Structure formats: structure tokens, C-alpha cells
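Working through the structure, step by step
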Amino acid sequence: MAEQLDELVEFLNSPRPDVRELAVSYLTGFSSPGSDNFQSLVSRADRLVQKLLVISHETPVAANSAMSILVNMTTDTNTCKHFADEDHISMIIRLIVNPACIVADLAAMLLSNITKLEPICRVLSLLKVSPASGICNSPLALDQLTDVFVKGMDKKYNKNAHFGYLASVFADVTNYPYGRRYFLERTAYDGKLPITKIMVFSEYPEVIRRGGVDSTMKNVCFDKEKHREILDPQETNLLPYIIRPLCGPEEYEMEEMEHMPEEVQFLGDDKKRESDPRLRATLLEAVNLLCTTYDGREVLRAKKIYPILREMHKAETDETCLDLSYRAVQLLLGDESKETKDDGGEKADADTFEEI
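Criteria and cut-off values
- Residues numbered from 1 in each chain as written.
- Predicted model: local features only at pLDDT ≥ 70, side-chain atom pairs only at ≥ 80, totals over all residues.
- Heavy atoms only, no water.
- Helix = DSSP H or I, 4+ residues; strand = E, 2+ residues; numbered from the N terminus.
- Rg over C-alpha atoms; globule rule 2.2 N^0.38 Å.
- Buried < 20%, exposed > 50% of the residue type's maximum accessible area, 1.4 Å probe, protein only.
- Contact = heavy atoms within 4.5 Å.
- Areas by Shrake-Rupley, 256 points an atom, 1.4 Å probe, with all protein chains shown as cover.
- Disulfide = S-S within 2.5 Å.
- Axes fitted to C-alpha atoms, helices over the stretch in contact; angles between N-to-C directions.
- Parallel < 35°, antiparallel > 145°, perpendicular 65-115°, else oblique.
- Left-handed = near helix turned anticlockwise from the far one by under 90°.
- Nonpolar A, V, L, I, M, F, W, Y, C, P; charged D, E, K, R; others polar.
- Phe/Tyr/Trp six-rings, centres within 6.5 Å; stacked < 30°, edge-to-face > 60°.
- Lys NZ or Arg CZ within 6 Å of the ring centre and 35° of its normal.
- Salt bridge = Lys/Arg side-chain N within 4 Å of Asp/Glu carboxyl O.
- Core = buried A, V, L, I, M, F, W, Y, C linked by side-chain atoms within 4.5 Å.

In terms of helices and strands, the chain carries 22 helices and zero strands. Taking 21 Å as the expected radius of gyration for a compact globule of 356 residues, we find that the chain reaches 23 Å, a close match to that expectation. For the chain, the C-alpha atoms occupy an extent of roughly 75 × 45 × 45 Å along the three principal directions. When the 356 residues of the chain are sorted by exposure, 53% land in the buried category. Contacts in the chain between residues far apart in sequence, at least 24 positions, make up 67% of those at least 6 positions apart. About 16200 Å² of surface is accessible on the chain, with carbon and sulfur atoms providing 49% of the total.

As C-alpha cells, then:
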């Protein structure tokens, strides 16, 4: 079997496109994670990654086979390490932003697999590529990915792609300070905050897109120095997009509701709360992170977030969510001392919460 695999790998170098297409088609049979042949395949990653990326830019059939193999191979962490250079990541970006590419979603899935490694997130955060038609004219790869994520929902940019997996890429990148800095600073090409472009998907029907957005929103809340801007309605205005998915059809007293963010007032009796407990937990962790600073707590108190948490707690059945909502309530209702108001107003440790 090893000899057969080595022969197939060599056929990927053939000058004939039909031979390369046939060889890569046969290789897909080796790429199922957990199969007997999978480890043999990933052990040859150093010989395969570059070749498969090149073939991913060839005929649609060959591209689909090559990209499917790479997606499967990158479920193995050691394989992901072979992508930690600008050339490889640039080849993936070109597939994602090409409006006619039939493997754009597979390429986005591949990128979301490899950004689990910090060195790849770092390369991506600095990477510049050629501008693509139909999206922003910025050379920064993250600018292009953010733009195609927004414009590409519901196959509006590429009839073959939804781009939902890019939300997982954003969540991975914002695990690190440089990624959070990107999403919380205005871009050079349009002067907008990237986080404001994606936060509007926190209630999107498709779980991969909204789940990655929820994790990205949570991760930017680790930046305590930005809490005032994050919560400012004239700046980022992130709070409504964290809180609204936690709201149900409950009615509130007028004196409570009139102080809430406008986006969560008068939601109606058909309003549905986020159905996935893991995503509710992610959003509640974001609330808790905002409660780690005095500025954050004061805004959440003024915006009457406690009544929303109170009503959510009554309906909640997940133990993790119950614990997180209880912790947030304790921080909001607790007394403030001189110590909690001074020195940055820290009342809890953000390191308690994991970046996702």
C-alpha cells in the first residue's frame, strides 16, 4: 500500500492534467480521517501540501478532490504546520476571494482548520495579497476575508459558496492581541471597524456563521482597555448584538425597557432565544468579560442588562449557562468599592474565561 501511495504522489507531478486529475481522485480514498491509510497520507504531508494547493487551482474536478484531501489532512495538527508560510496561505486566500471558484467554501474550511495554530494566525494577520475584483481594494488579506464574508452570505458573491467557515477563522485570529487589534481598529480602506461588519450576524440562521461571530465578539471583550469604545453606541455598539440573542419573548416594565438598548426593546412574543447552549454560554462569557471593568459594569447597569439576565435565568436549563448568568448578576448587583473603581476598575479576572 505504501508503494501505491508513493506512486500516486509522484503522478501529481505529471505534465498531463488528466493524469494529475486521476491521481488526485484516487488519493481521496486515502484521506478519510480515522481510516487505516490516513496516517500514511499525513506522514507524506511535506510532499503533498504544495502539490495539492497547486492542483486546487486547476480543473473543477481536480480542484474539488485536492481541496477535500487537504481539508481532511488538516484535521491532523502536524499537517497544519506545513501551511505556516505566506505562499501557502496566499494560495488559499486566492481561492476564497475568487467569485467563480467552486471550492471557495472548502478553501474557507481549510483555512479554519489551519488557523487553530498561532503561527498561522500571525502570518494571516500580516499577509498582503493581490486585490480581488468585486470586493474591497485593500491588499490586506484580513480585509478581503472580512469583506467577502459580509458580501458572500447566501451565495450573493459566489454562487458556489456561503463563506460561513470564515467566522471560525475570525474567532481563531482574535484569540491573540494582534487579531483583536485588527477587529477593533478602523481599516485604512474604508475607515470602519471590522467587528461592526460581522457582529450583525449574531442571530444568523446558519450555526457555523453565527457561532464564529459569537466567539469573535467574546474574544474582543478580552481587550479591557477597549471596553468603553466597545460599548459606546457611537463607536462599536457591540452590546446589542451580544444581548439580543439572549432575549426571549418576555415583557418588561416600562421603566426597565426604556433604558435598554433600542435593538432589544419591543421584540414581540415571537422572539426566540439562541437555541444552542454552547453559543448562549459564549455570549454570557462575553457579558462576564465586560463586567470585569468598572466602565463595563456601569454601562451594563445603565442599559438594564440585569433584567434580561434575570428573565433568561428563569428559562435556562443548561448548567453552564445558569452558572455564567449567576456570575454576571453577582458582578452587576454587587457593591463597588474604591478599589474596584480605581486601577482600571477590575473586579474579576478575564483569564477565568477561555478564548475560543
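Under the counting rule described, the total for this entry stands at zero disulfides. There is no disulfide at Cys 80, and the cysteine sulfur nearest it, in Cys 121, is 11 Å away.

On to the environment of Leu 127, then. By the element assignment, Leu 127 lies in the loop between α9 (118-126) and α10 (141-151). Residue class for Leu 127 comes out buried when judged on its relative accessible area of 1%. It is 6.1 Å that separates the C-alpha atoms of Leu 127 and Leu 140, two residues lying 13 residues apart in sequence. If we ignore the near neighbours within four places in the chain, the residues touching Leu 127 are Glu 86, Ile 89, Ser 90, Ile 93, Pro 139, Leu 140 and Ala 141.

This part takes up α10. Counting buried positions along α10 gives nine out of eleven residues, so the element sits mostly inside the fold. When α10 is considered as a whole, its buried residues turn out to be Ala 141, Leu 142, Asp 143, Gln 144, Leu 145, Thr 146, Asp 147, Val 148 and Phe 149.

Another point: unusual backbone geometry. As a rule of thumb, non-glycine residues mostly have phi less than zero, and peptide bonds are mostly trans rather than cis. The phi torsion at Asp 154 lies on the positive side, around 55°, for a residue other than glycine. Along the polypeptide, Asp 154 turns up in the loop between α10 and α11 (166-173). Its identity is not glycine, yet Lys 155 carries a phi of approximately 60°, on the positive side. The topology assignment puts Lys 155 in the loop between α10 and α11.

To continue, consider the packing of helix α18 (residues 277-290) against helix α21 (residues 319-333). For the pair α18 and α21, interaxial distance at closest approach is 9 Å and the crossing angle is 15°. With respect to α21, the axis of α18 lies roughly parallel. Of the two elements, α18 crosses α21, and the hand of that crossing is left-handed. Along the contact surface, α18 presents Pro 277, Arg 280, Ala 281, Leu 284, Glu 285, Val 287 and Asn 288, while α21 presents Thr 320, Cys 321, Leu 324, Ser 325, Arg 327, Ala 328 and Leu 331. Counted by class, the contact of α18 with α21 contains eight nonpolar, three polar and three charged residues.

Among the structural elements, Asn 237 can be located in the loop between α15 (227-231) and α16 (239-243). What makes Asn 237 buried here is its relative accessible area of 16%. Separated by 38 residues in the primary sequence, Asn 237 and Met 199 place their C-alpha atoms 9.6 Å from one another. Contact partners of Asn 237, with chain neighbours within four places excluded, come to Met 199, Glu 229, Ile 230, Asp 232 and Glu 263.

With that settled, the discussion passes to the packing of aromatic side chains. What the rule picks out here adds up to seven aromatic pairs. Between Phe 149 and Phe 170, the aromatic rings sit 5.3 Å apart at their centres with planes inclined by 85°, giving edge-to-face as the arrangement. In this pair, Phe 149 sits in helix α10 while Phe 170 sits in helix α11, placing the two residues 21 residues apart along the sequence. There is no split in this pair, since Phe 149 and Phe 170 are both buried. Seen from their ring centres, Tyr 182 and Phe 183 are 5.0 Å apart, and the 85° between their planes marks the pair as edge-to-face. Comparing Tyr 182 with Phe 183 shows no difference in burial state: the two are buried. Members of the aromatic cluster, joined through ring pairs, are Phe 149, Phe 170, Tyr 182, Phe 183, Phe 201 and Tyr 204. The ring of Phe 149 carries Arg 209 above its face, with NZ or CZ at 3.9 Å from the centroid. Arg 209 extends its terminal NZ or CZ atom over the ring of Phe 201, reaching a point 4.7 Å from the ring centre.

This part takes up the pattern of salt bridges. With the rule as written, the count across this model stands at 24 salt bridges. A salt bridge links Glu 203 to Lys 271; the shortest N-O distance between them is 3.2 Å. Taken together, the positions of Glu 203 in the loop between α13 (194-198) and α14 (207-220) and Lys 271 in the loop between α17 (254-257) and α18 put the pair 68 residues apart, joining distant regions of the chain. When its relative accessible area of 9% is taken as the criterion, Lys 271 is described as buried. Among the charged side chains, a salt-bridge network with shared partners connects Asp 6, Glu 10, Arg 44 and Arg 47.

All right, on to the nonpolar core then. Ile 93, Ile 96, Leu 111 and Leu 166 are the most contacted members of the largest nonpolar core, which has 111 residues in total. If one sorts the elements of this core by residue count, helix α5 (residues 60-73) sits on top with eight residues. Dropping the residues within four chain positions of it, Ile 93 is found in contact with Leu 111, Leu 124, Leu 127, Val 129, Ala 141 and Leu 145.

As a packed pair, α5 and helix α8 (residues 104-114) sit with axes 9 Å apart at the nearest point and diverge in direction by 20°. Relative to α8, the element α5 lies roughly parallel. The interaxial crossing formed by α5 with α8 has left-handed handedness. Residues Asn 64, Met 67, Ser 68, Leu 70 and Val 71 of α5 touch α8, and the partners they reach there are Leu 106, Ala 107, Met 109, Leu 110 and Asn 113. Split by residue class, the contact of α5 with α8 holds seven nonpolar, three polar and no charged.

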